[in-house]
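Breakdown of the fold
The primary structure of each chain is shown beneath.
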Amino acid sequence: SGEKVVQEKMAEMLGMSKIPIIQALTLLQNERLIEYFPRRGFFVRKLSNKEFVDILDIRGKLESLAVKTIIKNLNNHFKDKLVDLLKKFEFYSGIQDQKKYFELDKKFHYLLIEASNNYYLININNTFNILLLCYTRGFRTKIEVSIEHHRRIIDAIINKETEKAVSLIKEPTERKKESHFLAEH
């Protein structure tokens, strides 16, 4: 288990009673983000390597499905949105602002899921916090590698190269899965 979640501090910080805090923590427990131990309280749950690899696998499949759907329904408005995102990636990469760059990276991946307009795909991602769980485990690559990868993904989507876009979107998760698998053995 990870860090202890102190209900009293949370209630005080948020200016509310412990009851809604406990209810919220119970929801987080149901989503397997925290654990409850009788007489000890709630703790942030640490993922095992196997769980992380499983989540990466799901992320790759969800984003692949999203990209296929996006390409099938691609319009000029979404193309413009991707071009704008790429310009922002290049800007933050150019000034080496890692914080803003990786915030934008999260927005990009959430955008792909949302732009699929597939209610169940979006719901699965949000319910199980797939993207969030990936980022909490330090799912990052060097900006120089990441910017080139984003360029290739965006270019493949804009040019409606479905197989290439799917392959590119899965590449980082497959690489990370492999490195975690090797770390276990």
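Scope of this entry: the structure provided in the associated data block. None of these values were measured; they are calculated from a predicted model. (Residues numbered from 1 in each chain as written. Predicted model: local features only at pLDDT ≥ 70, side-chain atom pairs only at ≥ 80, totals over all residues. Heavy atoms only, no water.)

As for the side chain of Asn125
Checked against the element boundaries, Asn125 lands in helix α6 (residues 119-128). Within the local environment of Asn125, its side chain forms a polar contact with the side chain of Asn126, the two groups lying 3.4 Å apart. (Helix = DSSP H or I, 4+ residues; strand = E, 2+ residues; numbered from the N terminus. Polar contact = N/O pair within 3.5 Å; in protein donor to acceptor, adjacent residues only side chain to side chain.)

Brief notes about a nonpolar patch on the surface
A grouping of Met13, Leu14 and Met16 is seen on the molecular surface, where their side chains present a nonpolar patch of about 350 Å² in accessible area. On the secondary structure map, Met16 appears in the loop between α1 (7-14) and α2 (18-30). (Patch = residues over 30% accessible without salt bridge, like charges linked within 9 Å, V, L, I, M, F, W, Y side chains within 5 Å. Areas by Shrake-Rupley, 256 points an atom, 1.4 Å probe, with all protein chains shown as cover. Salt bridge = Lys/Arg side-chain N within 4 Å of Asp/Glu carboxyl O.)

Topic: the sheet that holds strand β1 (residues 4-5)
On the basis of which strands lie adjacent, the open sheet formed by three strands has the order β1-β3-β2 and antiparallel pairing. Edge positions in the sheet fall to β1 and β2 (34-37), since each has one partner strand and no second. Direction of pairing for β1 relative to strand β3 (residues 41-44): antiparallel, over a ladder of two bridges. Bridge assignment links Val5 to a residue of β3, and that residue is Phe42. The sheet strands contacting α2 are β1, β2 and β3, and the helix crosses β2 at an angle near 110 degrees. (Pairing = 2+ DSSP bridges. Contact = heavy atoms within 4.5 Å. Axes fitted to C-alpha atoms, helices over the stretch in contact; angles between N-to-C directions.)

Some points on the pattern of salt bridges
According to the stated counting rule, one finds seven salt bridges in the structure shown. In this structure, the salt-bridge partner of Arg45 is Glu51, at a minimum N-O distance of 2.3 Å. Judged by its relative accessible area of 16%, Arg45 falls in the buried class. Glu90 serves as the salt-bridge partner of Arg151, at 3.1 Å between the closest nitrogen and oxygen. Of the two residues, Arg151 is situated in helix α8 (residues 143-158) and Glu90 in helix α4 (residues 76-94); the sequence distance between them amounts to 61 residues. Exposure remark for Glu90: the relative accessible area of 34% places this residue in the partly exposed category. What you see here is one network of salt bridges that share partners, running through Glu90, Glu148 and Arg151. (Buried < 20%, exposed > 50% of the residue type's maximum accessible area, 1.4 Å probe, protein only.)

Here's the deal with unusual backbone geometry
In most cases, non-glycine residues show a negative phi, while peptide bonds are predominantly trans. A positive phi angle is found at Gln96, which is not glycine, with a value near 55 degrees. Considering the arrangement of structural elements, one finds Gln96 in the loop between α4 and α5 (98-115). Under the relative-accessibility criterion, Gln96 is labelled partly exposed at 44%. In the Ramachandran plot, Lys160 falls in the positive-phi region, its phi being about 55 degrees despite a non-glycine side chain. Relative to the elements of secondary structure, Lys160 occurs in the loop between α8 and α9 (162-184).

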